[in-house]
Amino acid sequence: GYGVNWIVSMEVAIRGCNLTLATAIFADALSSSTMDKIVESLHDHLDFINRFPEFSDVNGNHYLSNLMGVSVLSSSLYGEHSSQALSASEDFFNEADQQFEVGGCHLERAPIYHRLCLDMVVIVLAFEARSGSISDTGLNCLSRGLDFCRAVSSSGGFLPVIGDSDS
């Protein structure tokens with residue numbers, strides 16, 4: 001929980017999700033001791049995100065990524081039917097519903113962040129689908145967000161790079 005890789009909860013959340021997905025893909029090839037270390041690391045990631053959520057005057061992509069991390073990690077560590085996972089998924093989709101406006105645009109008004117947050121919606125929906133149910137709120141956010149993407153994309157399907165762009 002210390003050092004350059006533990007400064008921003010968004011990075012911790014994304015890394016935790018990536019580690020979860022990689023572990024799922026390579027689980028059969030991992031030794032039990034390696035799996036134990038990964039599980040311990042995932043708990044560390046979840047604890048960090050819970051201790052340092054990225055609230056702001058207007059919650060945006062950082063906070064949404066925190067909620068994604070909590071949802072994915074809770075589902076993986078405690079099971080998709082656990083109260084932790086169900087609550088985290090609901091929290092994520094309630095926040096996503098607020099961040100994706102009625103017309104589908106993400107409130108930060110930058111297509112790059114719009115796409116990033118839409119990816120988060122898809123990831124949480126995918127983990128939620130393992131439980132046998134899919135959030136109507138999540139599907140609605142996805143639908144609105146995709147409609148917006150289609151409206152602003154080029155004929156080749158590329159989103160324009162306008163607004164805030166960190167890279």
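Nothing here was measured: the structure is a model prediction, and the numbers come from that model.

1. Brief notes about the packing of helix H1 (residues 9-26) against helix H2 (residues 32-51)
Two packed helices can be described by the angle between their axes and the distance between those axes.
Here comes step 1: At a closest axis distance of 9 Å, the pairing of H1 and H2 adopts a crossing angle of 155 degrees. As far as their axial angle goes, H2 and H1 are roughly antiparallel. At the point where H1 passes H2, the crossing takes the left-handed sense. Counting all contacts with H1, which are made through Ser9, Val12, Ala13, Arg15, Gly16, Leu19, Thr20 and Thr23, the residues of H2 involved are Met35, Ile38, Ser41, Leu42, His45, Phe48 and Ile49.
Here comes step 2: Residues that form the contact of H1 with H2 fall into these classes: eight nonpolar, six polar and one charged.

2. Quick word on the nonpolar core
Here comes step 1: Judged by nonpolar contacts, the single largest core of 21 residues is most densely connected at Leu64, Met68, Phe92, Phe93, Ala96, Met120 and Val121.
Here comes step 2: Among the elements of the structure, H1, helix H3 (61-78), helix H4 (83-99), helix H5 (111-129) and helix H6 (136-152) are those that each provide at least two residues to this core.
Here comes step 3: With seven residues, the single largest contributor to this core is H5.
Here comes step 4: When near neighbours in sequence (up to four residues on either side) are disregarded, alanine 96 contacts Leu64, Val121, Cys141 and Arg144.
Here comes step 5: By size, the runner-up hydrophobic cluster in this structure holds 12 residues, among which are Ala13, Leu46, Phe48 and Leu77.

3. Some details on the pattern of salt bridges
Between side chains of opposite charge, a pair can form when the charged atoms approach closely.
Here comes step 1: Evaluated as defined, the whole model comprises five salt bridges.
Here comes step 2: Where arginine 144 meets aspartate 97, a salt bridge forms, and the shortest distance between an N and an O atom there is 3.0 Å. Of the two residues, arginine 144 is situated in helix H6 and aspartate 97 in helix H4; the sequence distance between them amounts to 47 residues.
Here comes step 3: For glutamate 101, the salt bridge goes to arginine 109, with nearest N and O atoms at 2.8 Å.
Here comes step 4: Glutamate 101 gets classed as partly exposed once you look at its relative accessible area, which sits at 28%.

4. Topic: unusual backbone geometry
Here comes step 1: Within the chain, arginine 109 stands out as a residue other than glycine whose phi angle is a positive 60 degrees.
Here comes step 2: Secondary-structure assignment places arginine 109 in the loop between H4 and H5.

Definitions and cut-offs
- Residues numbered from 1 in each chain as written.
- Predicted model: local features only at pLDDT ≥ 70, side-chain atom pairs only at ≥ 80, totals over all residues.
- Heavy atoms only, no water.
- Axes fitted to C-alpha atoms, helices over the stretch in contact; angles between N-to-C directions.
- Helix = DSSP H or I, 4+ residues; strand = E, 2+ residues; numbered from the N terminus.
- Parallel < 35°, antiparallel > 145°, perpendicular 65-115°, else oblique.
- Left-handed = near helix turned anticlockwise from the far one by under 90°.
- Contact = heavy atoms within 4.5 Å.
- Nonpolar A, V, L, I, M, F, W, Y, C, P; charged D, E, K, R; others polar.
- Core = buried A, V, L, I, M, F, W, Y, C linked by side-chain atoms within 4.5 Å.
- Buried < 20%, exposed > 50% of the residue type's maximum accessible area, 1.4 Å probe, protein only.
- Salt bridge = Lys/Arg side-chain N within 4 Å of Asp/Glu carboxyl O.

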